[in-house]
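Commentary on secondary and tertiary structure
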Amino acid sequence: AQSVAQPEDQVNVAEGNPLTVKCTYSVSGNPYLFWYVQYPNRGLQFLLKYITGDNLVKGSYGFEAEFNKSQTSFHLKKPSALVSDSALYFCAVRDTRNRDDKIIFGKGTRLHILP
Amino acid sequence: EPEVTQTPSHQVTQMGQEVILRCVPISNHLYFYWYRQILGQKVEFLVSFYNNEISEKSEIFDDQFSVERPDGSNFTLKIRSTKLEDSAMYFCASTAGHTGELFFGEGSRLTVL
């Protein structure tokens, strides 16, 4: 069964500094990987995904993530944080083995960007 | 831009009552999901639905839960006899295909008293 780990409950970054939100995964086959953001009292919004191809994927709002197969990681990054990036971030994975339909989410990381 | 819509936005019910949460997925999507989130924490998978049947379900999705797509547009989650621990935000999501990202609704907050 697939699983996702987000080891940090909270990440604090000063505005203008680079940010990283960590994610590692475990699957039987190849992973499809996703990042979502959730603002208070809202649904989850898609940021970016890795399906195949280039390991570095770019997404919405200047975010990017790097797929690292050897480390089974898919960390979310942004070169220069904005206060408006403060939100709850979720990493998610779908296991392509057996064509599983379910997408499993990590427990979330709360990102605080300090002005 | 197409979106997933959910109703009601908030429902308060008594323990033991039946609840139906409704969702209208994006029209050309083929895969449908329900997730729940308790107190703004972890997003938990409940069930996936494809080709008019459940494709996967979690251990949370026991006999008290059911899903239905009665008319080709609505996708409903029914909880037969609610428990206090069913209080959560329930999110519906849909996607066009296996490599696609999920599109989420804004959620239905269920409060069981």
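Residues numbered from 1 in each chain as written. Chains lettered and ligands numbered in written order. Predicted model: local features only at pLDDT ≥ 70, side-chain atom pairs only at ≥ 80, totals over all residues. Heavy atoms only, no water.

Some points on the state of the cysteines
Residue and element names in this part refer to chain A. The condition is simple: Note on disulfides: each one is a pair of cysteine sulfur atoms within 2.5 Å. Numbered from the N terminus, helices here are DSSP runs of H or I no shorter than four residues, and strands are runs of E no shorter than two. Think of it in three bands: residues with accessible area under 20% of the maximum for their type are buried, residues over 50% are exposed, and the middle band is partly exposed, with areas taken using a 1.4 Å probe on protein chains only.
Throughout the structure, instances matching the rule amount to two disulfides over all chains. Residue pairing for Cys23: its cysteine sulfur links by disulfide to Cys91, the two sulfurs lying 2.0 Å apart. Disulfide Cys23-Cys91: the torsion about the S-S bond is -65 degrees, which places it as left-handed. With Cys23 in the loop between strand 3 (19-21) and strand 4 (24-26) and Cys91 in strand 10 (residues 87-95), this residue pair connects regions lying 68 residues apart in the sequence. For Cys23, a relative accessible area of 0% translates into the label buried.

Points about the nonpolar core
Residue and element names in this part refer to chain A. Operational definition: Think of a nonpolar core as a cluster: buried Ala, Val, Leu, Ile, Met, Phe, Trp, Tyr and Cys residues, connected wherever their side-chain atoms sit within 4.5 Å.
The biggest cluster of nonpolar side chains holds 26 residues, and the ones touching the most others in it are Leu19, Trp35, Leu47, Leu48, Phe74, Leu76 and Tyr89. Contributions of two or more residues to this core are made by strand 2 (10-14), strand 3, strand 5 (31-38), strand 6 (44-50), strand 8 (64-68), strand 9 (73-78), strand 10 and strand 12 (109-114). Of all the elements, strand 10 adds the most residues to this core, at four residues.

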